[in-house]
Structure formats: structure tokens, C-alpha cells
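The lines below spell out each chain.
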Amino acid sequence: MNGSVAGGGVFSEEVISLTRRPSGLGFNIVGGTDQQYISNDSSIYVSRIKKDGAAYLDGRLQEGDKILAVNGRALKDLRHKDAVELFRNAGYDVSLKIQRRLQPQNGPVGHRGDGESGGLPLATILVPGLALVAAAIWIVLRYRQRM
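Quick caveat, the model's predicted, so the values are computed rather than measured.

## Some points on the pattern of salt bridges
Now for step 1: Within the structure shown, the criterion is met by 6 salt bridges.
Now for step 2: Notably, a salt bridge pairs Arg 100 with Asp 65, separated by 2.7 Å at the nearest N-O pair. Of this pair, Arg 100 sits in strand 7 (residues 93-102) while Asp 65 sits in the loop between helix 1 (54-58) and strand 5 (66-70); the two residues are 35 residues apart in sequence, bridging distant segments of the chain. Pair check on accessibility: Arg 100 and Asp 65 agree, each one buried.
Now for step 3: For the salt bridge of Glu 85 with Arg 88, the shortest nitrogen-to-oxygen distance reads 3.4 Å. Taken together, the residues span about one helical turn, with Glu 85 and Arg 88 both in helix 2 (residues 80-88) at a distance of 3 residues.
Now for step 4: By sharing partners, the salt bridges in this structure join Glu 14, Asp 65 and Arg 100 into a single network.

## Quick look at the packing of aromatic side chains
Now for step 1: Using the criterion set out here, one finds 2 aromatic pairs in the structure.
Now for step 2: Both rings, one in Phe 27 and one in Phe 87, keep their centres 5.6 Å apart while their planes meet at 90 degrees; by these two values the pair is edge-to-face. In this pair, Phe 27 sits in strand 3 (residues 27-31) while Phe 87 sits in helix 2, placing the two residues 60 residues apart along the sequence.
Now for step 3: Taking the centre distance of 5.5 Å and the plane angle of 45 degrees together, the rings of Tyr 37 and Tyr 45 count as tilted.
Now for step 4: For Tyr 37, a relative accessible area of 52% puts it in the exposed group.
Now for step 5: Look at Tyr 45 and you get buried, because its relative accessible area is 7%.

## Comments concerning helix 2
Side chains three or four residues apart in an α-helix point the same way, a direct result of the helix having 3.6 residues per turn.
Now for step 1: Taken together, the buried positions of helix 2 are His 80, Ala 83, Val 84, Leu 86 and Phe 87. In a view along the axis of helix 2, the buried residues occupy a sector of 160 degrees, so they form one face of it. More than 90 degrees from the buried face of helix 2, the exposed residues found are Lys 81 and Arg 88.
Now for step 2: Turning to helix 2, the residues buried within the fold contact strand 3, strand 4 (44-49), strand 5, strand 6 (73-74) and strand 7.

## Observations concerning a nonpolar patch on the surface
Now for step 1: A surface patch of nonpolar side chains, amounting to about 270 Å² of accessible area, comprises Val 133, Ile 137 and Leu 141.
Now for step 2: Residue placement: Leu 141 occurs in helix 3 (residues 122-146).
Now for step 3: For Leu 141, a relative accessible area of 48% gives the class partly exposed.

Conventions used here
Residues numbered from 1 in each chain as written. Predicted model: local features only at pLDDT ≥ 70, side-chain atom pairs only at ≥ 80, totals over all residues. Heavy atoms only, no water. Salt bridge = Lys/Arg side-chain N within 4 Å of Asp/Glu carboxyl O. Helix = DSSP H or I, 4+ residues; strand = E, 2+ residues; numbered from the N terminus. Buried < 20%, exposed > 50% of the residue type's maximum accessible area, 1.4 Å probe, protein only. Phe/Tyr/Trp six-rings, centres within 6.5 Å; stacked < 30°, edge-to-face > 60°. Arc of directions from axis to C-beta. Contact = heavy atoms within 4.5 Å. Patch = residues over 30% accessible without salt bridge, like charges linked within 9 Å, V, L, I, M, F, W, Y side chains within 5 Å. Areas by Shrake-Rupley, 256 points an atom, 1.4 Å probe, with all protein chains shown as cover.

See below:
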């Protein structure tokens, strides 16, 4: 993986190799010159990872990833249907060059697209907090008993 800064964000690029399964590569795409997913951006993006598909089982591809190239062929200035055909004809072993926006280390964590926030689980905060409260109550009660 390597990182770059562009358009006010930090991005990483990665090459992901997937082996096609009988059901395909296991993800859907959006975008293209004729169906822009983001205004003034005709790039191809992963819109959905299909459970138990090749991409899901591999675990590296994520919803929202921008696909820069398939088997070394850039996905620049393609219509949506041409990008779909490129994926369909990519063969059994498929190499994807992707770009992913990285979350800032000290900034807010955004929506991951899977129905959950990207923050810490509530239990991670509540359990230690409750343990501290219980310990404080125990100390106060012990102190009062000695008086």
C-alpha cells in the first residue's frame, strides 16, 4: 500500500488479487462517464460487497473503494456498461488496483456503509466506566464503615 494526499484527503492505493467464483467476483460497481456516482467524477466505485462472494471472502475490498484498474487496464473515461463488460471478461484471476480514502487519525470517524458507525463500540467505553464507579462506591462505603 502507498499513500498520497489529493483533494484535501489522504488516500492509499492497493493491488488486490481475486479468484473468480461461480457467482462472479462478488461485488457491484457504480459510476462511469454516463452514470457519475460523484459529481464531476466518472470513476468506478465499489457499491456493494456480496456476502460469501470472492471479494467478501478475501476481505480486503471495501464498499466505497475506487477501482483504478482491472488486470492493469485503467478504468478511466469508461461508460458504466463498458466497465461492467471489462469485469465480466477479466478472466479467472483478477487483479484490481484500488484507491481508498483513509480516515484521519484524530478526526471524526465517518459512516462505513455497513449500517454501523466507525467509532468505538459503546461497551468499550461503558464497561471500564461502570467498573470505576463500582470501585468508587465500594471505597466510599468501606471508608464510612471505619468512621
